There are 2 protein chains.
Amino acid sequence: MKIAIYGYGNLGKGVECAVNAAPDAELFGVFTRRAPNTVKTVSGAKVYHVDDILKYETEIDVVIICGGSATDLPTMTPSLAEHFNVIDSFDTHARIPEHFDNVDNVAKTTNHTALISGGWDPGMFSINRLYASSILPNGKDYTFWGKGVSQGHSDAIRRIDGVKDARQYTVPISAALDAVRSGANPELTTREKHLRECFVVAEEGADKAKIENDIKTMPNYFADYDTIVHFISEEELQRDHATLPHGGFVIRTGTTGVNHENKHIIEYSLKLDSNPEFTASVLVAYARAVNKLYNRGDYGCKTVFDIAPADLSPLSAEEIRKTML
Amino acid sequence: MKIAIYGYGNLGKGVECAVNAAPDAELFGVFTRRAPNTVKTVSGAKVYHVDDILKYETEIDVVIICGGSATDLPTMTPSLAEHFNVIDSFDTHARIPEHFDNVDNVAKTTNHTALISGGWDPGMFSINRLYASSILPNGKDYTFWGKGVSQGHSDAIRRIDGVKDARQYTVPISAALDAVRSGANPELTTREKHLRECFVVAEEGADKAKIENDIKTMPNYFADYDTIVHFISEEELQRDHATLPHGGFVIRTGTTGVNHENKHIIEYSLKLDSNPEFTASVLVAYARAVNKLYNRGDYGCKTVFDIAPADLSPLSAEEIRKTML
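Everything in this summary refers to the structure shown in the same document. The shown structure was predicted, so the numbers you read here are calculated from the model rather than taken from an experiment.

## Structural notes on the overall build of chain A
1) Next: Broken down by element type, chain A carries 11 helices and 14 strands.
2) Next: The C-alpha radius of gyration computed for chain A amounts to 22 Å, which stays within 12% of the reference 20 Å derived for 325 residues, consistent with globular compactness.
3) Next: With respect to the principal axes defined by its C-alpha atoms, chain A has extents near 65 × 55 × 35 Å.
4) Next: Going through the 325 residues of chain A one by one, you find that 58% of them count as buried.
5) Next: Excluding contacts between residues fewer than 6 apart, the proportion of contacts in chain A whose partners are at least 24 apart in sequence is 68%.
6) Next: Accessible surface computed for chain A: about 13400 Å², of which carbon and sulfur atoms make up 46%.
7) Next: Each charge class in chain A can be summarised by its mean position, and for the 33 positive and 44 negative side chains these summaries are 2 Å apart.

## Focus on unusual backbone geometry
Excluding glycine, residues mostly carry a negative phi; peptide bonds, for their part, are mostly trans.
1) Next: Going from aspartate 121 of chain A to proline 122 of chain A, the amide bond is cis rather than trans, its omega being 5°.
2) Next: Structurally, proline 122 of chain A is set in the loop between strand 6 (113-115) and helix 4 (124-135).
3) Next: Here serine 117 of chain B, not a glycine, exhibits a phi torsion of approximately 60°, which is positive.
4) Next: Structurally, serine 117 of chain B can be placed in the loop between strand 6 (113-115) and helix 4 (124-135).

## Quick word on the relation of the copies chain A and chain B
1) Next: Mapping chain A onto chain B calls for a rotation angle of 180° and an axial translation of 0.0 Å; the resulting RMSD is 0.0 Å. Classification of the inter-copy transformation places it as that of a two-fold axis. Among all residues of chain A, the minimum C-alpha distance to the rotation axis is found for alanine 308 of chain A, at 1.9 Å.
2) Next: Most of the interface of chain A is mirrored in chain B, where 100% of its interface residues again form contacts.

## Side note on the sheet that holds strand 11 (residues 226-231) of chain A
Residues and elements named next belong to chain A.
1) Next: Reading across the sheet, the four strands line up as 8-9-10-11 and stay open at both edges, with mixed pairing between neighbours. Each edge of the sheet is formed by a strand with only one pairing partner; in this case those strands are strand 8 (148-149) and strand 11.
2) Next: The pairing of strand 10 (residues 194-202) with strand 11 spans six bridges and is parallel. Bridging from a neighbouring strand, arginine 196 pairs with threonine 227 of strand 11.
3) Next: Helix 5 (residues 151-158) contacts strand 8, strand 9 (163-172) and strand 10 of the sheet and is inclined by roughly 145° relative to strand 9.
4) Next: Together, strand 9, strand 10 and strand 11 form the strand contacts of helix 8 (residues 208-216), whose direction differs from that of strand 11 by roughly 150°.

## Some remarks on helix 10 (residues 275-295) of chain B
Every α-helix winds through 3.6 residues per turn, so residues three or four apart in the chain are directed the same way.
Residue and element names in this part refer to chain B.
1) Next: Over its 21 residues, helix 10 extends 31 Å from the first C-alpha to the last, a length consistent with the 30 Å expected when each residue adds 1.5 Å.
2) Next: The element helix 10 is largely enclosed, with a buried count of 18 among its 21 residues.
3) Next: Of the residues that open helix 10, the one with a side-chain oxygen 3.1 Å from the backbone nitrogen of glutamate 277 is serine 274.
4) Next: Remark: glycine 297 follows helix 10 within two positions and exhibits a positive phi of approximately 80°.

## With respect to helix 1 (residues 10-21) of chain B
Residues and elements named next belong to chain B.
1) Next: With 12 residues, helix 1 extends 17 Å between its outermost C-alpha atoms, agreeing within 8% with the 16 Å of an ideal straight helix rising 1.5 Å per residue.
2) Next: Taken together, the buried positions of helix 1 are occupied by Leu11, Gly12, Gly14, Val15, Glu16, Cys17, Ala18 and Val19.
3) Next: Contacts from the buried residues of helix 1 go to strand 1 (2-6), strand 2 (26-32), strand 4 (62-65) and helix 10.

## As for the pairing of strand 12 (residues 246-256) of chain B
Residues and elements named next belong to chain B.
1) Next: The element strand 12 is extensively covered by neighbouring structure, given that 10 of its 11 residues are classed as buried.
2) Next: For strand 7 (residues 139-145) and strand 12, the ladder comprises seven bridges, and the chain directions are antiparallel. Bridge pairing in strand 12 places tyrosine 142 opposite isoleucine 251.
3) Next: Both strand 12 and strand 13 (residues 262-272) contribute to a ladder of 11 bridges, which runs antiparallel. In the strand pairing of strand 13, threonine 253 is matched with isoleucine 265.
4) Next: Following strand 12, the chain reverses through five residues before pairing antiparallel with strand 13; glycine 257 in that reversal takes a positive phi of roughly 110°.

## Structural notes on the sheet that holds strand 9 (residues 163-172) of chain B
All names here are of chain B.
1) Next: The strand order 8-9-10-11 describes an open sheet built from four strands, whose pairing is mixed. Taken across any chain shown, the strands that pair with only one partner, and hence form the sheet edges, are strand 8 (148-149) and strand 11 (226-231).
2) Next: Note that strand 8 and strand 9 share two bridges and pair antiparallel. Note on strand 9: the bridge partner recorded for valine 149 is tyrosine 169.
3) Next: Its contacts with the sheet place helix 8 (residues 208-216) against strand 9, strand 10 (194-202) and strand 11, and it is angled at close to 150° to strand 11.

## Digging into the interface of chain A and chain B
1) Next: Taken together, the contacts link 63 residues of chain A with 63 residues of chain B.
2) Next: Seen at the junction of chain A and chain B, the total is zero salt bridges.
3) Next: At the junction of chain A and chain B, the tally comes to 23 residue pairs in polar contact (both at pLDDT 80 or more).
4) Next: Listing elements by their share of the side of chain A that touches chain B, those giving two or more residues are helix 1 (10-21), helix 3 (96-110), helix 4, strand 13 (262-272), helix 10 (275-295) and helix 11 (317-324) of chain A.
5) Next: At 11 residues, the largest contribution of residues to the side of chain A that touches chain B is made by strand 13 of chain A.
6) Next: By residue class, the composition of the side of chain A that touches chain B is 34 nonpolar, 17 polar and 12 charged.
7) Next: Bridge count between strand 13 of chain A and strand 13 of chain B: nine bridges; the pairing is antiparallel. Pairing of leucine 270 of chain A across the sheet is with isoleucine 266 of chain B, part of strand 13 of chain B.

## Describing the pattern of salt bridges
1) Next: In this structure the tally under the stated criterion is 38 salt bridges over all chains.
2) Next: For the salt bridge of arginine 321 of chain A with glutamate 318 of chain A, the shortest nitrogen-to-oxygen distance reads 3.9 Å. Taken together, the positions of arginine 321 of chain A and glutamate 318 of chain A, both in helix 11 and three residues apart, correspond to about one turn of that helix.
3) Next: Between aspartate 311 of chain B and arginine 296 of chain B there is a salt bridge whose closest N-O contact spans 2.8 Å. Of the two residues, aspartate 311 of chain B sits in the loop between strand 14 (300-302) and helix 11 (317-324) while arginine 296 of chain B sits in the loop between helix 10 and strand 14, which places them 15 residues apart along the sequence.

## Remarks on the packing of helix 4 of chain A against helix 10 of chain B
1) Next: Packing of helix 4 of chain A against helix 10 of chain B brings their axes to within 8 Å, and their N-to-C directions diverge by 105°. As far as their axial angle goes, helix 10 of chain B and helix 4 of chain A are roughly perpendicular. Between helix 4 of chain A and helix 10 of chain B, the residues in contact are Tyr131, Ser134 and Ile135 of chain A and Phe278, Ser281, Val282, Ala285, Tyr286 and Arg288 of chain B, respectively.
2) Next: A breakdown of the residues in the contact of helix 4 of chain A with helix 10 of chain B according to their chemical character gives six nonpolar, two polar and one charged.

Thresholds applied
- Residues numbered from 1 in each chain as written.
- Chains lettered and ligands numbered in written order.
- Predicted model: local features only at pLDDT ≥ 70, side-chain atom pairs only at ≥ 80, totals over all residues.
- Heavy atoms only, no water.
- Helix = DSSP H or I, 4+ residues; strand = E, 2+ residues; numbered from the N terminus.
- Rg over C-alpha atoms; globule rule 2.2 N^0.38 Å.
- Buried < 20%, exposed > 50% of the residue type's maximum accessible area, 1.4 Å probe, protein only.
- Contact = heavy atoms within 4.5 Å.
- Areas by Shrake-Rupley, 256 points an atom, 1.4 Å probe, with all protein chains shown as cover.
- Lys, Arg positive; Asp, Glu negative; His and termini not counted.
- Charge placed at Lys NZ, Arg CZ, Asp CG, Glu CD.
- Least-squares fit on C-alpha atoms with pLDDT ≥ 70 in both.
- Pairing = 2+ DSSP bridges.
- Axes fitted to C-alpha atoms, helices over the stretch in contact; angles between N-to-C directions.
- Expected span 1.5 Å × (residues − 1).
- Polar contact = N/O pair within 3.5 Å; in protein donor to acceptor, adjacent residues only side chain to side chain.
- Salt bridge = Lys/Arg side-chain N within 4 Å of Asp/Glu carboxyl O.
- Nonpolar A, V, L, I, M, F, W, Y, C, P; charged D, E, K, R; others polar.
- Parallel < 35°, antiparallel > 145°, perpendicular 65-115°, else oblique.

Next comes the structure, spelled out in structure tokens:
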């Protein structure tokens, strides 16, 4: 299958690496809004301008759209689904039903297959919530994120007056994880589950006390959490906080038995050196599934919930049953 | 959906509890080879003789077959698939391709939907091996089992002369788990991954040294492992080893990036108070999927690899997208 990358930031670069690692995928090229000759790809993939993509309608099997959820994907994904099989990592949870309907309408009308909200959350974590809750109806789900860099929270800090740069880590609180794993079914507040640790580079002469207060009291982002703020130099930020690790835990505890006397714990966890490269790896596996569904005539918009595990694998059904069941 | 249980041992009792816990399932009844009036079900389910099952062909949506893999399932599952949608937990890995073909032939000829090898291994562990290897092609899988009771190993000890009863625990070795989680990609021998701990009730006057030696040198079962043997009284066995806990870990470590510079760890783990009740809970979730596939006209034999996560849930596609994605 030939894959095109639409948008070339951290996620697009990750997809380039993941396509190169896949035994059955070939990179058609990268489409960018910038002048193609100014973009150098990490593995030498060809670069095209986004305006030219329709010229290659018949040559591309799946377009992996690597735009942002806030403004790019709500228009990009439905519009590209008119001409291509597509996949995105749309992660604005509240707007998923609306985005799904928009993409589904286009894909069904034009006979394409699309998948939205691929990645790890939404994505692998969502699947694990679904599997675990279907198996243990008498139970309770917990999702913890981190330790990892939240780009949204880092951006929010950067928008504060006097902040030159910042990196925010979401940190799951061990005591809460332990309480969940004990099967005690605790009710946990937002503050009890995660803390937020911020590394901030202030501009010269900035009022650090005011910056710290602005961060800690910021509604939605920080006010409901215990937040730690460290001021560091630009050199320290570059040296110690240049990468984008992430991860987390989906845990369900539940009971079975005549009198609910038996406890069970299902846990799925990820520990990722690079959030964008792992997300990209998930997207490439789902691009394979999108291509298989398209070839079977199964059109319309899908999510990870609709894809059977076998469709993610480059191996045949017989090989999988023989080697992995 | 109406579910029938075929075979009423530990697994059948677990299915009875799991059907009662499912919001959308109803128990038709239990079919047994024993005289029905001698069988008392844990929640009062009706009991029928296996010879009468064809009388209820139109009243049962899915039959969950709770027989043993060695001799029961290879004949039971194909023969019941002639008349019913069926699901089993066949776990003789080497014979899965043959069993699959047998069931598939019957189910396709008679327009039924069947699923074989449901449970947690094969089952949830298999799915996790497949997902993880599809996402991280540059990587390595590890499966650890336990700490938990292996019924096969317990039975093997009971067959030794002078043994009255026995319970064998499979124990994953922490140092091996830690090495895997470090991302070091270790090559581990059988002996390095698990140890086997046995609690044995000897008959009066039996030669304990000989029993211990017979266990530790038993090929396939114990010879390749470090094995610990404890002799205990029958009372102690009843008091301390009456339950059937189990669990384990599926871990994949892999790398991404232009130079494979980023490491990722995917881990799925189960900690189960009751192996048969958890297995039963998985089977009931997959019975729901079998029923949905049947209603869509998707006949033939399936495995957990062929079932999209959404089909395991009692919720609608819209509800799942809204609440779990």
